[in-house]
Amino acid sequence: MDVRIAYASETGRAEALAWRCRSWLRLRNVTTSDPVPLDALTSESTTTIIFAATAGDGAPPSNGKKFWSTLLRKGAPRLDGKRYALYGLGDARYGAKFNAFARRLDARLAQLGAARLCERSLGDA
């Protein structure tokens with residue numbers, strides 16, 4: 001199985017976790033390329049692990065805004081046959097906006113037909 005790893009990060013924490021995940025997978029002989037910003041993720045990947053931080057007031061980080069906009073378009077591409085796992089990074093002090101981007105991203109990926117490899121996980125900084 002070829003696994004892609006993507007991240008959306010403002011401070012670098014999500015990116016750092018993406019690189020650690022790559023190392024962990026490679027130690028277990030899983031084929032994976034280097035992690036890429038979410039905006040650079042291509043549609044050729046069928047299995048993707050996403051590390052997504054929430055920026056500011058519940059928004060996507062700057063390197064995930066283009067990807068997010070693509071998913072929100074009326075003619076957004078169907079993601080049938082795609083599989084993903086999602087780990088959100090947030091700060092519980094933001095209350096209802098805690099991991100808002102990761103939660104919305106998870107819902108939209110599923111709505112477009114992508115299948116979850118596992119339940120999303122939400123981390124508190």
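Described below are features of the structure shown in this document.

Rules behind the numbers
- Residues numbered from 1 in each chain as written.
- Predicted model: local features only at pLDDT ≥ 70, side-chain atom pairs only at ≥ 80, totals over all residues.
- Heavy atoms only, no water.
- Core = buried A, V, L, I, M, F, W, Y, C linked by side-chain atoms within 4.5 Å.
- Buried < 20%, exposed > 50% of the residue type's maximum accessible area, 1.4 Å probe, protein only.
- Helix = DSSP H or I, 4+ residues; strand = E, 2+ residues; numbered from the N terminus.
- Contact = heavy atoms within 4.5 Å.
- Axes fitted to C-alpha atoms, helices over the stretch in contact; angles between N-to-C directions.
- Parallel < 35°, antiparallel > 145°, perpendicular 65-115°, else oblique.
- Left-handed = near helix turned anticlockwise from the far one by under 90°.
- Nonpolar A, V, L, I, M, F, W, Y, C, P; charged D, E, K, R; others polar.
- Salt bridge = Lys/Arg side-chain N within 4 Å of Asp/Glu carboxyl O.
- Phe/Tyr/Trp six-rings, centres within 6.5 Å; stacked < 30°, edge-to-face > 60°.

**What to know about the nonpolar core**
Then comes step 1: Membership of the largest hydrophobic core comes to 20 residues, with the highest contact counts inside it found for L38, L71, L105 and L109.
Then comes step 2: Examining the composition of this core, we find that four residues originate from one element, helix α3 (residues 100-111), more than from any other.
Then comes step 3: Beyond its immediate stretch of four places on either side in the chain, L105 contacts L38, I50, A52, F67, W68, L71 and L86.
Then comes step 4: In this structure, Y7, A14, L25 and A85 belong to the second largest nonpolar core, which totals 12 residues.

**Quick look at the packing of helix α2 (residues 65-72) against α3**
Then comes step 1: Packing of α2 against α3 leaves a shortest axis separation of 11 Å and a crossing angle of 40 degrees. In terms of orientation, α2 and α3 fall into the oblique class. The two elements α2 and α3 meet at a crossing, and its hand is left-handed. Contacts between α2 and α3 involve F67, W68, L71 and L72 from the first element and F101, R104, L105, R108 and L109 from the second.
Then comes step 2: Grouping the constituent residues of the contact of α2 with α3 by class yields seven nonpolar, no polar and two charged.

**A few points about the pattern of salt bridges**
Then comes step 1: Summed over the entire model, instances satisfying the criterion amount to seven salt bridges.
Then comes step 2: Residue R78 is joined to D80 by a salt bridge in which the shortest nitrogen-to-oxygen separation is 3.1 Å.
Then comes step 3: Where R116 meets D106, a salt bridge forms, and the shortest distance between an N and an O atom there is 2.9 Å. Highlighted residues: R116 in strand β6 (residues 115-116) and D106 in helix α3, separated in sequence by 10 residues.
Then comes step 4: Exposure remark for R116: the relative accessible area of 39% places this residue in the partly exposed category.
Then comes step 5: The structure contains a network of salt bridges with shared partners spanning R22, R26 and D34.

**Side note on the packing of aromatic side chains**
Then comes step 1: Applying the stated criterion across every chain, the model contains two aromatic pairs.
Then comes step 2: Their ring planes at 85 degrees and their centres at 5.5 Å tell us that W68 and F101 sit as a pair that is edge-to-face. Of the two residues, W68 is situated in helix α2 and F101 in helix α3; the sequence distance between them amounts to 33 residues. Accessibility assignment for this pair places W68 and F101 in one class, buried.

Any functional reading would require information beyond the geometric quantities listed.
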